[in-house]
Amino acid sequence: DVTLIPRDTSAGAVLCAETFHPVTDRRGRLPIGGVLGVPESAWRRVLPVTDGFPIKDAVFIDLETTGLSRGTGTYAFLIGVGRFAGYRFRLRQYFLRDFHEESAALAALLEELQTARAIVTFNGRTFDWPLLETRAVMNRMRLPRLPHLDLLHPARRLWQETLGSCRLTRLEEEILGVERHDDVPGEQIPQLYFTFLETGDAEPLADVIVHNQLDILSLAALAGYIGQAAGDPLTAAPAGQPLSGAELYAVGKMLVENIRGGADVDLGSACLLEALRRGLPDPLKRRCYQLLAALYRRTGQFDEAVALLRAAVKDDSGSPWAHIELAKHYEHRIRDFATARDWSLQALDVAMRRRTLKGLGAGQHGSQREGLSITSPRRSRSEHDVDGIVHRIRRLERRLRRESGER
């Protein structure tokens with residue numbers, strides 16, 4: 001059941017539903033309060049901040065609105081605000097019985113923000129917060145500037161490669177292990193509110209209020225997962241098991257692309273190595289090897305780079321990239337043209353085999369179309385690889401002939 005009671009504000013009364021949830025309550029596999037154990041310093045790996053993020057004093061905000069536009073004609077008829085208070089998570093939801101109560105709901109929100117040090121949303125940078133700022137301006141109010149953690153962005157970095165969609169409901173199912181039953185579809189929510197304004201029947205909106213509650217509880221649980229993954233990725237087990245190889249790759253990628261010190265280099269490379277050990281899908285595996293090899297070269301760890309590339313040759317047999325990188329190393333750094341030519345020849349074998357396999361696949365595809373196979377005049381990536389490798393081999397052979405002539 002949902003109970004709404006009037007709450008007085010400086011701009012009048014607004015209906016408010018208030019619930020409390022122990023921090024030990026679970027949202028699927030994760031406790032709501034798991035985020036409280038995340039050190040502030042962990043957030044600098046997720047956000048462009050240097051001093052951490054005050055998650056313990058943050059408010060978790062989610063809106064239900066009359067539409068998806070951020071224009072002046074869109075209202076937030078339900079403003080949900082969650083925050084940690086001692087050993088409980090307090091959730092307040094401010095509901096508009098009509099549009100004239102908007103100023104009271106915004107005044108209630110401002111009271112919440114006065115004692116907050118940060119904001120957590122899901123896609124809030126793009127939608128929720130700009131909409132609230134617009135509505136505040138329309139009501140001659142101003143929202144404070146606070147650090148903002150939009151969980152959609154780190155969620156995409158962690159899971160986009162493997163999940164594709166990072167909608168909140170998808171993350172609930174795949175990460176939290178929660179599947180909503182009898183939940184009101186988000187696209188129906190605006191019409192349910194308009195029907196309420198016409199009829200005064202609030203019963204269907206009870207499901208909307210519960211929907212909003214679940215969204216905010218999921219925000220808290222997901223923030224805990226992301227924070228633990230960023231804070232201690234090698235040993236973290238936020239959902240009861242270690243991070244997957246793909247998640248470790250994502251954390252390592254975040255670290256090495258935003259290096260802020262030697263610790264980031266060490267942890268980033270360790271995450272990438274462990275990701276390879278825990279297992280990755282083939283496309284991610286190749287990217288992981290490539291990112292780690294580039295990191296080793298950038299930091300002057302050339303022996304480590306060579307060892308890694310040799311491992312990639314055995315582990316990633318479908319592409320000549322590692323052979324080519326080894327050829328470059330021996331040609332340009334070691335000046336060992338014979339070894340560079342050997343690696344180039346191996347690269348050519350792999351590239352030719354890949355081109356042949358692609359040609360067979362294209363032929364089979366063409367045969368399904370009444371036996372007609374048309375080759376595009378645009379050259380494929382594998383053909384460019386072959387041309388480049390052949391050019392490298394010729395260059396190396398010229399250098400070897402010059403060296404032998406000099407002797």
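Here we summarise the structure given alongside this text. (Residues numbered from 1 in each chain as written. Predicted model: local features only at pLDDT ≥ 70, side-chain atom pairs only at ≥ 80, totals over all residues. Heavy atoms only, no water.)

## Structural notes on the packing of aromatic side chains
Both the distance between ring centres and the angle between the ring planes are used here to describe each pair of aromatic rings. A complete count under the given rule lists 12 aromatic pairs for this structure. Between Phe60 and Phe89, the ring centres sit 5.7 Å apart and the planes meet at 70°, which makes this aromatic pair edge-to-face. On the criterion of sequence distance, the pair formed by Phe60 in strand E5 (residues 58-65) and Phe89 in strand E7 (residues 88-95) is long-range, its members being 29 residues apart. Phe60 gets classed as buried once you look at its relative accessible area, which sits at 0%. (Phe/Tyr/Trp six-rings, centres within 6.5 Å; stacked < 30°, edge-to-face > 60°. Helix = DSSP H or I, 4+ residues; strand = E, 2+ residues; numbered from the N terminus. Buried < 20%, exposed > 50% of the residue type's maximum accessible area, 1.4 Å probe, protein only.)

## Remarks on unusual backbone geometry
One non-glycine residue, Asp182, lies in the positive phi region at around 60°. In this fold, Asp182 is placed in the loop between helix H4 (168-176) and helix H5 (189-199). Notably, Arg335 is not glycine yet its phi reads approximately 60°, a positive angle. Here Arg335 shows up in the loop between helix H11 (321-334) and helix H12 (337-367). Overall, the relative accessible area of 48% leaves Arg335 in the partly exposed class.

## Some remarks on the pattern of salt bridges
Tallied over the entire structure, the rule returns 27 salt bridges. Note that Glu161 and Arg287 form a salt bridge whose closest N and O atoms lie 2.7 Å from each other. You can see Glu161 sitting in helix H3 (residues 152-163) and its partner Arg287 sitting in helix H9 (residues 282-298), a full 126 residues away along the chain. When salt bridges with common partners are traced through the structure, they connect Glu18, Arg83, Arg90, Arg92 and Glu112 into a single cluster. (Salt bridge = Lys/Arg side-chain N within 4 Å of Asp/Glu carboxyl O.)

## A look at the side chain of Asp62
Within the element layout of this structure, Asp62 appears in strand E5. Buried and unpaired, Asp62 has no salt bridge, with Arg180 as the nearest side chain of opposite charge at 7.5 Å. At a separation of 3.0 Å, a polar atom in the side chain of Asp62 contacts the side chain of Asn212. Each residue touching Asp62, except ones within four places of it in the same chain, is listed here: Leu78, Ile79, Gly80, Asp128, Asn212, Asp215 and Ile216. (Lys, Arg positive; Asp, Glu negative; His and termini not counted. Polar contact = N/O pair within 3.5 Å; in protein donor to acceptor, adjacent residues only side chain to side chain. Contact = heavy atoms within 4.5 Å.)

## What to know about the sheet that holds strand E6 (residues 76-85)
Within a sheet, neighbouring strands are paired by backbone hydrogen bonds and run either parallel or antiparallel to one another. Spatial strand order, E1-E2-E7-E6-E5-E8-E9: 7 strands in an open sheet with mixed pairing. The sheet is open, and its two edges are formed by strand E1 (5-9) and strand E9 (148-150), each paired on a single side. Direction aside, neighbouring strands of the sheet carry axes that sit 30° apart on average. Here strand E8 (residues 118-121) runs beside E9; their pairing, made up of 3 bridges, is parallel. Residue Val120 lies in a different strand from E9, and its bridge partner there is Leu149. Sitting on the sheet, helix H1 (residues 102-114) is in contact with E1, strand E2 (12-22), E5, E6 and E7, with an inclination near 20° to E6. (Pairing = 2+ DSSP bridges. Axes fitted to C-alpha atoms, helices over the stretch in contact; angles between N-to-C directions.)

Taken by themselves, the reported measurements are silent on function.
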